[in-house]
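Examining the three-dimensional arrangement
Here is what each chain is made of, one letter per residue.
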Amino acid sequence: MNENGADHVRREIENIDPSAVNRVRQEKNAGLKPLENTEGGVVLRFAPNPNGPLSLGHSRGVVINKHYVENHDGKIVLRFDDTDTVVKPPLVEAYDWIIEDFEWLTGSKPDISIKASERMPIYLKYAEKLLSEGYGYVCECSSDEFKKHRMSMVPCPHRNRPVEENLKLWSIMLNGGKEPGDAIIRVKTDMTLPNPALRDWPAWRIQKNIHPVVGDLYNVWPLLDFQSAIEDHEQGVTHIIRGKDLMDSTRKQILLYDHFGWTYPETLYWGRVSIHDQGSFSTSTMREGIDSGVYDGWDDPRLPTLMSMRKRGYHPNAIKSFWTEMGITQKDVAISLDSLNAVNSAKIDPTSRRISVIMDPVEIDITGDVPEKAVLPFHPDNQSLGNRHHSTKTGRVVIERVDLEDEIRLKDFADISNVENNYQIISTKKSDDRKIINWISADSIKDCTLVMPDGVDLVRKGCVVEDTELFVGEVIQMERNGFAKVMEWSDDSRVLHWLHR
RNA sequence: GCUCGUGUAGUGUAGUUCGGUCCAUCAUGACGGACUCUCGAUCCGUCGACCCGGGUUCAAAUCCCGGCACGAGCACCA
């Protein structure tokens, strides 16, 4: 019975259906898994804090949610979670920035766009409902005091206040009669729950800072778990896709939904993403760096904001396929920027014009039968991009100092050889397999600046470039050297920003 | 401490629900080659992985038990 185990079974199967044992090469399932439970329609949401523009990290949420909305004919809600005016105060300009970032990345505006701060009347209504139905209470413990209760599972002395007293204290809080830290609204769950994070979690706190959108209208503000839970219900959100650090948030919110008799949306999670060759930037650290002058602004090339990436020349579709290929696994991943850059290169290479840029120029004289002009294609595989025309009358060319060898080929122009300290033209046709280098006719060189990050610094390197009509905003490929974006292009100033190899 | 989650090639993934079609997919990377007037593009090839230990079974990446590693939550941040 045991002998020839798998082989035995294989033979048995072969007797029944010979084709069943043929090996079929496995294939990879392409694309994201479709959403489940979509019969009632699909409403998704992306909910950033408007304390700055969107970062590369945020873009995962935009891309994945938008992808599902398109595939399930659903709607996407852009919701500004701006209910904290103290720890992560909203930036008034960020609301528009985020909408622009969203539109740049997805090619369209969100179906619905709301600010939590403007929805306060709704949240307040539910806060009152929570209290009057006995599902919440005003807690006057300090956070340290409550922590002890949470850990020891012993209810705090405020837990059993009568509803009337809770409502009375609530109205005092609403009217500014209490100071931040004096009191908080908690959702009554169960102090003996095994997961400490879920025990009587906080829903509202007192904050009296001016809110950039609604001013000084409110003395109390809901916390994420409450505000988000209510708003998801109000918007009819069907699926939530969030980081797995918010798993306990889901569990807290389900407890609240149970109180109200609602059904919680389907929830999917993804793990953390860190970029290898890039430090971790939180929106608040970026903001500090900008305020203190370390960075030039939110679009500084050293910052991982979408603003910066757009400015540097990333194609939105590269970011899109990068995230959809990664999918929504719960694994924490550390990726290299090279992976993104590889996707971006593939997107931009077919349309990027080739331009010769020389960082460390050295001029050489060519003697012999030098043609009067040179014609080089802007793109080796895409003739529709046209040609570059340069005069070579003087017979002088500029090349990269490191390319200075006795036998070289000036790309698309001529083979030259050093004979007794004198470069002579051997042939205009490619005559052997000597090194091919990029060059510029001395008749048409222009000064140029290449801006690139170097560690934490941003350096401006002088260089020369061929005299060609480029337009600002175009991404070019510097021959043999990688991609760059044209930032300025006039007789006064020619500036390129380094993108990637 | 309590709770939750995750472990597949260098990196990122497919497959794990329902064990055999998996001597494990695809991309990127590295290496080699072809082609090309860029170190670009294109094409071909090679390399390389189921966290560990038991168990169940004819058969385990997949099921069970036990470890280990990493991450997260227990904020009056989101």
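This structure is a prediction, so every number in the text was calculated from the model and none was measured.

Calculation notes
- Position numbers for residues count from 1 along each chain, tracking the sequence in the order it is written.
- Just so you know, chain letters begin at A and ligand numbers begin at 1, following the order they were written in.
- Residues qualify for local features only when their pLDDT is at least 70, as the model is predicted, and side-chain atom pairs are given and counted only at 80 or more; totals for whole chains, interfaces and linings, by contrast, use all residues.
- Side-chain metrics in this entry use all non-hydrogen atoms of the structure; hydrogen atoms and water are not considered.
- Annotation comment: domain bounds sourced from an automatic or database domain assignment.
- We call two residues contacting when some pair of their heavy atoms lies within 4.5 Å.
- Accessible area that two parts lose when put together, with a 1.4 Å probe and added across both, is what the buried area reports.
- Pairing between strands requires that DSSP locate at least two bridges from one strand to the other.
- A run of H or I in DSSP becomes a helix once it reaches four residues, and a run of E becomes a strand once it reaches two; helices and strands are each numbered from the N terminus.
- Classification of ring pairs uses Phe, Tyr and Trp, with its six-membered ring standing for Trp, and accepts pairs whose centres are within 6.5 Å; under 30 degrees between planes counts as stacked, over 60 as edge-to-face, and the remaining range as tilted.
- Any residue under 20% of the maximum accessible area for its type is buried, any over 50% is exposed, and the rest in between are partly exposed; the area is computed with a 1.4 Å probe on protein chains only.
- To sit over a ring, a charge needs its Lys NZ or Arg CZ within 6 Å of the ring centre and within 35 degrees of the ring normal.
- Salt bridge, as used here: a side-chain nitrogen of Lys or Arg that lies within 4 Å of a carboxyl oxygen of Asp or Glu.
- An arc is given here, and it is the one of the directions from the helix axis to the C-beta atoms.

Under the domain assignment used here, chain A contains domain 1 (43–110 + 272–326), domain 2 (118–269) and domain 3 (353–498). Measuring from the centre of the C-alpha atoms in domain 1 to the corresponding centre in domain 2 gives 27 Å. Tallying the contact residues gives 17 residues for domain 1 and 22 residues for domain 2. Buried surface at the junction of domain 1 and domain 2, summed over both partners, amounts to about 1700 Å²; 54% is from carbon and sulfur atoms.

Moving on, we come to the sheet that holds strand β12 (residues 353–355). Overall, mixed pairing links the 7 strands, which are arranged β12-β25-β26-β27-β23-β24-β13 in an open sheet. Both outer strands of the open sheet, β12 and β13 (357–358), are each paired with one neighbouring strand and no more. Of the strand pairs in this sheet, β13 and strand β24 (residues 457–466) are connected by 2 bridges, and their pairing is antiparallel. When the sheet's bridge partners are listed, Ile358 is paired in β24 with Val464.

With that settled, the discussion passes to the packing of aromatic side chains. Here the structure, examined in full by the defined rule, presents 13 aromatic pairs. Here the aromatic rings of Phe80 and Tyr95 are separated by 4.9 Å at their centres, their planes lie at 65 degrees, and the arrangement is edge-to-face. Separated by 15 residues along the polypeptide, Phe80 in strand β2 (residues 75–80) and Tyr95 in helix α3 (residues 94–106) bring together distant segments of the chain. In this structure, Phe80 and Tyr95 share a single accessibility class: buried. For Lys115, the ring lying beneath its charged end belongs to Tyr95, and the centroid distance is 5.3 Å. Over the ring of Phe378 we find Arg353; its NZ or CZ atom is 4.5 Å from the centre of that ring.

Under the counting rule described, the total for this entry stands at 34 salt bridges. Arg302 serves as the salt-bridge partner of Asp300, at 2.8 Å between the closest nitrogen and oxygen. A salt bridge links Glu407 to Arg434, with the nearest nitrogen and oxygen atoms 3.9 Å apart. Highlighted residues: Glu407 in strand β18 (residues 407–410) and Arg434 in the loop between β20 (423–427) and β21 (435–437), separated in sequence by 27 residues. Taking relative accessible area as the criterion, Arg434 reaches 10% and is therefore assigned buried. Here the salt bridges share partners, and the residues they tie into one network are Arg388, Lys411, Asp412, Glu466 and Glu479.

Within helix α9 (residues 283–291) the residues assigned to the buried category are Thr283, Met286, Gly289 and Ile290. For α9, the angular spread of buried residues about the axis comes to 125 degrees, placing them on one side. In α9, the exposed positions that point more than 90 degrees away from the buried face belong to Glu288 and Asp291. If you follow the buried residues of α9, they end up packed against α2 (56–71). Immediately beyond the C-terminal end of α9, within one or two residues, lies Gly293, with a positive phi of roughly 90 degrees.

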